[in-house]
Amino acid sequence: MCASCDLPGLGGREPDCMVFVGPAQGIRGGWARAREVPVSRPGPTLVLPRGDRLGAGLAEAGERFSGPAMERATGAPRTDGNALRLQFEGSITFDAWIEAILAAERHVHFENYILRDDRIGRTFRDVLIEKARQGIEVRVLYDWVGCWATPARFWRPFRDAGVEVRAFNRPNLRDPFGILQRDHRKLVVVDGVVAFVGGFCVGVEWAGDVGAGVAPWRDTGVEVRGPAAAAAAQTFQRIWGEIGPAVREAARSDPGAVPATGSTPVWVIEGEPWRSRVYRATQLAATSARERLWITDPYFVAPRPVSEALAAAARDGVDVRILVPGHNNWPVVGSLSRGGYRFLLEAGVRIFEWQGPMIHSKSAVADGIWSRVGSSNLNAASLLGNWEIDVAVLDAELAAQLEGLFFADLTSSVEIVLPGRIPSGIARRGGDGGERYADLPPPPRSPLEPEGTLQQRIGRWTAPGGSTGWRIADLVRAGSTLGDALAGHRTLAREGRMVLLTGSIGLLLAGALTLVFPQVVAWSIAFVLGWLGIVGVVRALAASRARNREGEKQERGWEKR
């Protein structure tokens, strides 16, 4: 039962929160999960320890989050006139996507990091093929690394039906560096008037399997209707044009041509390598927040400047909370994340670990007015290395729903605490306005350093359902942790020490291999360096020729004048 409000379905009466637990008849059918409902009736409302009402935006907060600084941080103009709907349950979210796709009249742009060859992936394939056969332009963009396990036969029906399908950054000898940068976006745009943005990939993990008793992953997204949907479509158009022929003119979207459907201002944050837009927006939110900043992130290995900004806000009295998975689908990332807990906890940041199968949501909400939802994780690989898409939203209603969802997630979470630290309680305010503190049981707590021997934890990692390997992003995070530890910039708890020890053993093994097989190692390094050098020279010559041709065209143009 929720310690702060008696959620229905969890043993209590229906509250005035933004979530309702009920049957969800979605794409997978019948799984009971949270669904949003509008709540307007008076009644008990949640009150934070300092007296702030949950879901109530601060009166002056809008001005702090809506100025030119937000546009500069996000690299996006403020787009007004939108209507948004929060999504946080996989099957219902997928049903909304399918409903919008089936209603398409001109085109569908479908971009996702993962599109699996399973029940969910094949359902979307059938729907997209159906629209293509009706004469609707359908374009599908997937990431090669994200879909490495999706067989080639999965894509053939798309092409046979006339769907344009492209893989992003497929490895090739001419572009050895492309493997380091991925298209991590999750975006669906229909006719340039409705868009879906968030963390939902296309696979059975996000829908669950009611027959097998497998619960879905928790994720978050938003449905956007209005000019901001066209702005999201433009992000697809740009990346589509970078890897092949551009979207034809008739299928392009223009925010100025889409009528307003609501009153919500939105910034569409187009993440690109080294642009660091969500990075800057997070720092700006941390410096702008006055009362609370709540973040949910599945792979939280924040760069030091982001951690410093969150810690500084907590020291200044801001209620900073971070919710991460307790059981990460990439256990190594969970270890790296725990390595940064102590610094944040000592600054007063509260950290919670969700105890469900996996929480994959990437969201933030500040002062009951500003929100961010999208595909960006708070780690260097995502913030600086990938193509991402997020939306920043200035809307008290959406922020209230996200705050309610955050609190609902806390009912299935354990708070991580330092020895001797006791989390503050939660108060409730009655309908008559009088404040009273609930008689709450002690919150569940977990020590910072986990239990179990190294062999036991390795056994859990290699058990069915555990991690099966490393991704490029994991190597980037591990390198960041190792570098900070060696430089003395990171206090290592047990998890961090294990990562450092594992990396150090790897370096020792590499050194031993070099001693035993010096020629093999030397030839391998020479091959890689030669390959990279040749690619660099070819690209430099190609760029020089392109620049010369451009100069010749300009000269001929001046001569004609």
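Refer to the structure printed above.
We now turn to the structure provided with this report. (Residues numbered from 1 in each chain as written. Predicted model: local features only at pLDDT ≥ 70, side-chain atom pairs only at ≥ 80, totals over all residues. Heavy atoms only, no water.)

A word on helix α3 (residues 90-102). Between its terminal C-alpha atoms α3 stretches 18 Å, which fits the 18 Å expected from 13 residues at 1.5 Å a residue. Buried residues of α3: Gly90, Ser91, Thr93, Phe94, Ala96, Trp97, Ile98, Ala100 and Ile101, and no others. (Helix = DSSP H or I, 4+ residues; strand = E, 2+ residues; numbered from the N terminus. Expected span 1.5 Å × (residues − 1). Buried < 20%, exposed > 50% of the residue type's maximum accessible area, 1.4 Å probe, protein only.)

Our focus in this paragraph is the packing of aromatic side chains. All told, the structure shown has 17 aromatic pairs when counted by the stated rule. Between Trp97 and Phe110, the aromatic rings sit 6.3 Å apart at their centres with planes inclined by 80°, giving edge-to-face as the arrangement. With Trp97 in helix α3 and Phe110 in strand β5 (residues 107-112), the pair connects residues that are 13 residues apart, well separated along the chain. You can call Phe110 buried: its relative accessible area is 1%. Among the aromatic residues, those joined into a cluster by ring pairs are Phe94, Trp97, Phe110, Phe124, Phe196 and Phe200. The ring of Phe343 has Arg304 sitting right over it, with the charged end atom 4.3 Å from the ring centre. (Phe/Tyr/Trp six-rings, centres within 6.5 Å; stacked < 30°, edge-to-face > 60°. Lys NZ or Arg CZ within 6 Å of the ring centre and 35° of its normal.)

A few words now on the packing of helix α7 (residues 277-288) against helix α8 (residues 304-315). One way to put it is that α7 packs onto α8 with a least axis distance of 9 Å and a crossing angle of 15°. It follows that α7 is roughly parallel to α8 by the angle criterion. In this structure, α7 crosses over α8, and the sense of that crossing is left-handed. Seen from α7, the contacting residues are Tyr279, Thr282, Gln283 and Ala286; seen from α8, they are Pro305, Val306, Ala309, Leu310 and Ala313. Partitioned by chemical class, the residues of the contact of α7 with α8 number 7 nonpolar, 2 polar and no charged. (Axes fitted to C-alpha atoms, helices over the stretch in contact; angles between N-to-C directions. Parallel < 35°, antiparallel > 145°, perpendicular 65-115°, else oblique. Left-handed = near helix turned anticlockwise from the far one by under 90°. Contact = heavy atoms within 4.5 Å. Nonpolar A, V, L, I, M, F, W, Y, C, P; charged D, E, K, R; others polar.)

Our next topic: the nonpolar core. Judged by nonpolar contacts, the single largest core of 48 residues is most densely connected at Phe110, Val140 and Phe158. Contributions of two or more residues to this core are made by α3, β5, α4 (119-133), β6 (137-143), β7 (164-168), β8 (186-190), β9 (194-198) and α9 (331-338). With residues up to four places along the chain from it excluded, the contact list for Phe110 reads Trp97, Ile101, Leu115, Phe124, Leu128, Arg139, Val140, Leu141, Leu187, Val188, Val202 and Phe236. Core analysis: the next-biggest nonpolar cluster, separate from the first, contains 42 residues, Leu284, Ala313, Ala314 and Ala392 among them. (Core = buried A, V, L, I, M, F, W, Y, C linked by side-chain atoms within 4.5 Å.)

With that settled, the discussion passes to the environment of Glu291. Checked against the element boundaries, Glu291 lands in the loop between α7 and β12 (292-296). Owing to a relative accessible area of 22%, Glu291 belongs among the partly exposed residues under this scheme. As for Glu291 and Ala314, which are separated by 23 residues in sequence, their C-alpha atoms are 9.6 Å apart.

Next up on the list: a nonpolar patch on the surface. Together, Leu513, Leu515, Val516, Phe517 and Val520 give the surface a local cluster of nonpolar side chains, amounting to about 530 Å² of exposed area. The element best represented in the nonpolar patch is helix α15 (residues 494-516), accounting for 3 residues. Here Val520 is to be found in helix α16 (residues 518-560). (Patch = residues over 30% accessible without salt bridge, like charges linked within 9 Å, V, L, I, M, F, W, Y side chains within 5 Å. Areas by Shrake-Rupley, 256 points an atom, 1.4 Å probe, with all protein chains shown as cover. Salt bridge = Lys/Arg side-chain N within 4 Å of Asp/Glu carboxyl O.)

Here we take up the pattern of salt bridges. The full count for this structure, using the stated rule, is 22 salt bridges. The salt bridge involving Arg238 is made with Glu270; its shortest N-O contact spans 2.8 Å. Of this pair, Arg238 sits in helix α6 (residues 227-242) while Glu270 sits in strand β11 (residues 264-271), placing them 32 residues apart in sequence. For Glu270, a relative accessible area of 10% translates into the label buried.

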